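# Descriptive analysis of the structure
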Amino acid sequence: MVFSTLVFLFIFMPAVLIMYNLSSNRTYKNVILVISSLIFYAWGEPLCICLLMISALSDYTIGRIMDKHSGQWQAKLGLIMSLVIDLGILIIFKYSGFFAGNIGRLLGIEIAFKGLPLPLGISFYTFQTLSYTIDVYRGEVKVQKSFLKYLVYLSMFPQLVAGPIVRYIDIENQIDTRVVTIEKFSAGISRFMIGLFKKVVLANGAGSVASLILDGNLSDLSSATAWLGMFMYSFQIYFDFSGYSDMAIGLGKMFGFDFHENFNYPYISKNVTEFWRRWHISLGTFFRDYVYIPLGGNRRHQMLNIFIVWFLTGFWHGASWNFILWGLYYGVLLIIEKKCFNGALMRMPAVLGTVYNAVITLIGWSIFYFTDMGRLVGFFRAGFGMNGLFDYRALSIAASNIWFIAVLLFASTPIPKKIFTAIDKRNPDVSAALSHMGIICIFILCFILLIGQTYNPFLYFRF
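These lines cover the structure that appears in this document, whether it is placed above or below. (Residues numbered from 1 in each chain as written. Predicted model: local features only at pLDDT ≥ 70, side-chain atom pairs only at ≥ 80, totals over all residues. Heavy atoms only, no water.)

Attention now moves to unusual backbone geometry. Even without being a glycine, Tyr265 presents a positive backbone phi close to 50 degrees. Note that Tyr265 resides in the loop between α10 (223-254) and α11 (272-278). Phi angles above zero are rare outside glycine, and His301 is one such case at about 55 degrees. Within the secondary structure, His301 sits in the loop between α12 (281-295) and α13 (302-317). (Helix = DSSP H or I, 4+ residues; strand = E, 2+ residues; numbered from the N terminus.)

Glancing now at the packing of aromatic side chains. With the rule as written, the count across this model stands at 69 aromatic pairs. Ring centres of Trp276 and Trp326 lie 5.7 Å apart, and the angle between their planes is 65 degrees; on these two criteria the pair is classed as edge-to-face. Of this pair, Trp276 sits in helix α11 while Trp326 sits in helix α14 (residues 321-339); the two residues are 50 residues apart in sequence, bridging distant segments of the chain. A relative accessible area of 11% means that Trp276 is categorised as buried. Over the face of the ring belonging to Tyr20 we find Lys29, whose NZ or CZ atom lies 4.5 Å from the ring centre. Directly above the aromatic system of Trp316 lies the positively charged group of Lys94, at a separation of 5.4 Å from the ring centroid. (Phe/Tyr/Trp six-rings, centres within 6.5 Å; stacked < 30°, edge-to-face > 60°. Buried < 20%, exposed > 50% of the residue type's maximum accessible area, 1.4 Å probe, protein only. Lys NZ or Arg CZ within 6 Å of the ring centre and 35° of its normal.)

Further remarks concern the packing of helix α9 (residues 182-214) against α10. Remark: α9 packs on α10, axes separated minimally by 6 Å, with the N-to-C direction vectors making an angle of 160 degrees. Considering the angle they form, α9 stands roughly antiparallel to α10. Here α9 and α10 pass one another in a crossing that is left-handed. Its residues assigned to classes, the contact of α9 with α10 shows 25 nonpolar, nine polar and seven charged. (Axes fitted to C-alpha atoms, helices over the stretch in contact; angles between N-to-C directions. Parallel < 35°, antiparallel > 145°, perpendicular 65-115°, else oblique. Left-handed = near helix turned anticlockwise from the far one by under 90°. Nonpolar A, V, L, I, M, F, W, Y, C, P; charged D, E, K, R; others polar.)

Turning next to the pattern of salt bridges. Per the counting criterion, the structure on display carries eleven salt bridges. Close ionic contact of Glu274 with Lys270 constitutes a salt bridge, the shortest N to O distance being 3.9 Å. According to the relative accessible area criterion, Glu274 is buried, its value standing at 15%. By relative accessible area, Lys270 is classed as partly exposed at 30%. For Arg288, the salt bridge is made with Asp289, and the minimal N-O distance between the two is 2.8 Å. Residue Arg288 is classed as partly exposed on the basis of its relative accessible area, which comes to 40%. (Salt bridge = Lys/Arg side-chain N within 4 Å of Asp/Glu carboxyl O.)

Spelled out as structure tokens, the structure:
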């Protein structure tokens, strides 16, 4: 099920919220949240729920064993079992086709096996459940003795299929102490509607232009048209993913949870290092805390550690060579920023740094977009002028979308938030009225667009 559908907005979400708030009994609320989350996840793919339950049952049991035998060999064995089971399921369902295909090509034989269907959100909930067992092993969280409460954490539908990656340590206390107030519920609605606007209006609009350019014959593209298409895709993936994160955070508030932020205006970054502190924050902190620091961080073998982390980051995104290349591309750039030119790339003037990061990001999204390496080469041939530098198609598309492009640029900066905050400080009544009017207008606009819209994918569902 997708947040930006009429079924979710008018049937599923209202029904769940009504049932959830019918009682003040937390056990009842937990049962409703778990059942609704399992229905949400099973929608369209009921068999995949078995994998979620296998991960939940195994890690809940392993957590109890590690707690009972803390500091002993049984705890270490439990952690190894958790890693083997969770990563084993992930590898089998996400990467088996990739490995089979590459082994076949290496041996010069045809392997008929093309892989298994990819369960929604498996990359996200696998990392969530691993964060629990690792933290229990480290003694950083108390073991959860209620399987129902553990399912509340792992299966919670707001962030189940596309993040943010919510670590158990961050909501450990909220499972038992969360309270839904009018203020928090109202803030949740506002945040959800902002995310819905990002997704339905901005991401879908940018994506329709990007796909029109990038999914056709690449040999017909001039350099200007090719980069215009990638420019629009960069906004599609940002507003698609950050919009989903906003909706997840907003829904969490409606159920009494506070999730961490997942994006912080990454396109205003002045270097690659800053960009990855602002983009997909929950993934970056996961790899930092569970891979980079345990490997030695910046204390020993820093460049090797960065290489490993970014290989895994790229591979996490998909079973395709372009994702590995994309991860290594950023790993190399981060090493260059930290180790070369005495750090000059991280101290550039603001405007120059922003332009530098924009160019780096566009090239990165090009690698990310094309899973077919032949088409990736074709795009770069077009992008770097092999088919000509400019044509009137680029001018026509840019001119017809000039106001929309201006909105995309404006919305990707903190300026709208700063304006609203300034109004709120000077006149809270005016800001409240504007907020209510904005929510109503966004809802009506999104409703109108969703009725006739056929282009409505969530990009990160496939990761």
